[in-house]
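Below, each chain spelled out in residue letters.
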Protein chains: 2
Amino acid sequence: MSVVYNRVALIGLGLIASSMYWAIKRAGVAVEVTGYARSEQTRETARRIGLCDVVCDSAVEAVKDADLVVLCVPVGVMGAVAADIAPHLKDGCTVSDVGSVKKSVIEAIAPHLPEGVHFVPAHPMAGTEHSGPESGFDTLFDNRWCLIVPNGADEAATERLETFWQALGANCERMDVEHHDQVCAVVSHIPHLIAYTMVGVADDLRRVSEREVIKFSAAGFRDFTRIAASDPTMWRDVFLTNKEATLEILGRFTEELFALQRSIRTGDGDQLFDYFTRTRAIRRGIIEAGQDTEAPDFGRGKPQ
Amino acid sequence: MSVVYNRVALIGLGLIASSMYWAIKRAGVAVEVTGYARSEQTRETARRIGLCDVVCDSAVEAVKDADLVVLCVPVGVMGAVAADIAPHLKDGCTVSDVGSVKKSVIEAIAPHLPEGVHFVPAHPMAGTEHSGPESGFDTLFDNRWCLIVPNGADEAATERLETFWQALGANCERMDVEHHDQVCAVVSHIPHLIAYTMVGVADDLRRVSEREVIKFSAAGFRDFTRIAASDPTMWRDVFLTNKEATLEILGRFTEELFALQRSIRTGDGDQLFDYFTRTRAIRRGIIEAGQDTEAPDFGRGKPQ
């Protein structure tokens, strides 16, 4: 693999940035990677585990001479970081991000960037329930999708960013801003909100103890707890900034849920059976698309 | 391991019964296991793959001389099967079941059973999204819970059934009927209903294509699709027969969901952050209890 960007700066050193660093090293697509995190403790951890070639004490220092700057911070602080680094960006460099929401992130970042800097928003759709600088690994993006939302960006700069993400293992797809936020509300944001809610309800019941919920979780509940253990700051910002699309999908969800609730109340077995049959086909599609394995129980090993 | 029951009859040959058969063989807890399924095709498959020592052409034949009869049929047909076999049960034998609901199953089975037969309801809380005679495997119950709901059954017969399930790899816990149905509504029934709903909503949207939902499913949605691929007959019967508890928990769920929806609408980030933080602790508890692994992404292998 040849070098795509001479110097890459990663701002924010959590799960995504740390995985990017290890994947960049695996692929050899950058000569030098600088990193910055707001928390001193995170910077210390990064230095200790060799995360980034240079860990800088300011974002301004990290972006100096960078050909690609990737903002890997929570969606809610993207604008402030962009304002901070903007005067120090190299002419002709590309600025990108990894935010789960695109409309509000673009609105937050774009106004700060000077002429001559290419802004190519991106969203690698990969993650685990872990967070922080030590949670990254070099295969996180393999065979996952990275959505590229050029929003009018320079074509050469966009293609270069796509080459970069492909080298990190991802498949790229371009999408427009509104559609991106809609798709993500369905496949990611609302599933997370529902999982959080289910776990919250279970935590809150008086007649069924938390001990019981944990003990008997393998019966279905457990599948919700993984995504409900995701980073709270990241998810708070997602819902605050993708309000319109999440509220719309949420409306559809409660509508369907009420229809099923009604079928339960009235004892309409045919309606329930038909609904439960229809949903099986989607699972089959996901396995065929290589986005999960067919192994029962997620191919999970025997618990200890 | 010594023999617990001389002869065991498994009525219904799906995921649970087939897993029980292989686990019985692994443990050597029965001398002979007979099996029966209503569908001729299932019986043929069972004979072909060596599932059960003898596959019978009627339930009546299968239960003859059995010391333990386990009803492994959907909850909705338990009563009919019990009525069918009742006159042919050996005096002093134990009848049990594997239903996910206990109150209505007991009401359906108990009236048919003759004096001198012990009825000890049970519920092994284990499963995968696959179904049918070929889906079973001998480790399904290892370190999973089998809830025993004696409901006044003979103590010796109850202890014997517990010994049997422990030999199959399960941990046993006794519960009373009402509490069982409540606990299962929380940890199993409502999570399944919600997963089915989420998958149904995604399937139904016009602006986001099914192709996109499948393609980008790794972002959270995928975790719902596994349990939403479970057996439709089984789940229809669960909701029809555990109506009261599922409607109650569903009410709590929508109440919480509306509270979070309101926080999104009003932009109450603190409320969202607090909620998302609280749910992390439960995940930690589940891993500590050995009911899931800490490996990111469920320790799932790299997709093909």
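You'll find the structure just up there.
This is a predicted model, so every value here is computed, not measured.

This paragraph deals with the overall build of chain A. When helices and strands are counted, chain A shows 12 helices and nine strands. Against the globule reference of 19 Å for 304 residues, chain A gives a C-alpha radius of gyration of 21 Å, in line with a compact fold. Dimensions of chain A, computed from C-alpha atoms along their principal axes, come out at roughly 65 × 45 × 35 Å. Taken over 304 residues, chain A has a buried fraction of 62%.

All names here are of chain B. Regarding helix α4 (residues 78-85), the residues found buried are Met78, Gly79, Val81, Ala82 and Ile85. Looking straight down α4, one finds that the buried residues subtend no more than 165° of arc, so they occupy a single side. Looking at the buried positions of α4, the neighbouring elements they touch are β1 (5-11), α3 (59-63), β4 (68-71), β5 (94-97) and α5 (103-109).

Another aspect to go through is the relation of the copies chain A and chain B. By a simple turn and slide, chain A fits onto chain B: the slide is 0.0 Å along the axis, the RMSD is 0.0 Å, and the turn is 180°. These values place the two chain copies in the arrangement generated by a two-fold rotation axis. Interface overlap between copies: 98% of the residues of chain A at the interface are likewise at the interface in chain B, consistent with a symmetric, same-surface contact.

All names here are of chain B. Read from one edge of the open sheet, three strands run β7-β8-β9, paired in mixed fashion. Strands with a single pairing partner mark the edges of an open sheet, and in this sheet they are β7 (122-125) and β9 (171-174). Ignoring strand direction, the axes of neighbouring strands in this sheet form an average angle of 25°. Bridge analysis of β7 against strand β8 (residues 145-148) gives four bridges, and the strand direction is antiparallel. Its bridge partner being in β8, Met125 is matched across the sheet by Trp145. Along the sheet, helix α6 (residues 155-167) makes contact with β7, β8 and β9, crossing β9 at roughly 150°. Relative to the sheet, helix α7 (residues 177-204) contacts β7 and β8, its axis offset from that of β7 by approximately 20°.

Every contact between the two is made by 112 residues of chain A and, on the other side, 111 residues of chain B. The contact between chain A and chain B buries some 10900 Å² in all, and 68% of this surface belongs to carbon and sulfur atoms. Interface area lost by chain A to chain B is led by Phe216, Ile264 and Phe276 of chain A, which between them contribute 7%. There are six salt bridges connecting chain A and chain B. Across the pair Lys215 of chain B and Glu173 of chain A runs a salt bridge, and its minimum N-O distance is 2.3 Å. Taken together, the links from chain A to chain B amount to 14 residue pairs in polar contact (both at pLDDT 80 or more). At the level of secondary structure, the elements contributing two or more residues to the side of chain A that touches chain B comprise β8 (145-148), α7 (177-204), α8 (210-215), α9 (222-225), α10 (232-241), α11 (243-266) and α12 (269-288) of chain A.

Right, let's get into the sheet that holds strand β7 (residues 122-125) of chain A. Residue and element names in this part refer to chain A. Ordered in space as β7-β8-β9, the three strands form an open sheet in which the pairing is mixed. The open sheet has two edge strands with one neighbour each: β7 and β9 (171-174). On average, adjacent strands in this sheet sit at an angle of 25° to one another, irrespective of strand direction. Contacts from helix α6 (residues 155-167) reach β7, β8 and β9, with the element oriented near 150° to β9. Each of β7 and β8 is contacted by α7, which is oriented at about 20° to β7, the strand it contacts most.

About the criteria used
Residues numbered from 1 in each chain as written. Chains lettered and ligands numbered in written order. Predicted model: local features only at pLDDT ≥ 70, side-chain atom pairs only at ≥ 80, totals over all residues. Heavy atoms only, no water. Helix = DSSP H or I, 4+ residues; strand = E, 2+ residues; numbered from the N terminus. Rg over C-alpha atoms; globule rule 2.2 N^0.38 Å. Buried < 20%, exposed > 50% of the residue type's maximum accessible area, 1.4 Å probe, protein only. Arc of directions from axis to C-beta. Contact = heavy atoms within 4.5 Å. Least-squares fit on C-alpha atoms with pLDDT ≥ 70 in both. Pairing = 2+ DSSP bridges. Axes fitted to C-alpha atoms, helices over the stretch in contact; angles between N-to-C directions. Buried area = accessible area lost by both parts, 1.4 Å probe. Salt bridge = Lys/Arg side-chain N within 4 Å of Asp/Glu carboxyl O. Polar contact = N/O pair within 3.5 Å; in protein donor to acceptor, adjacent residues only side chain to side chain.

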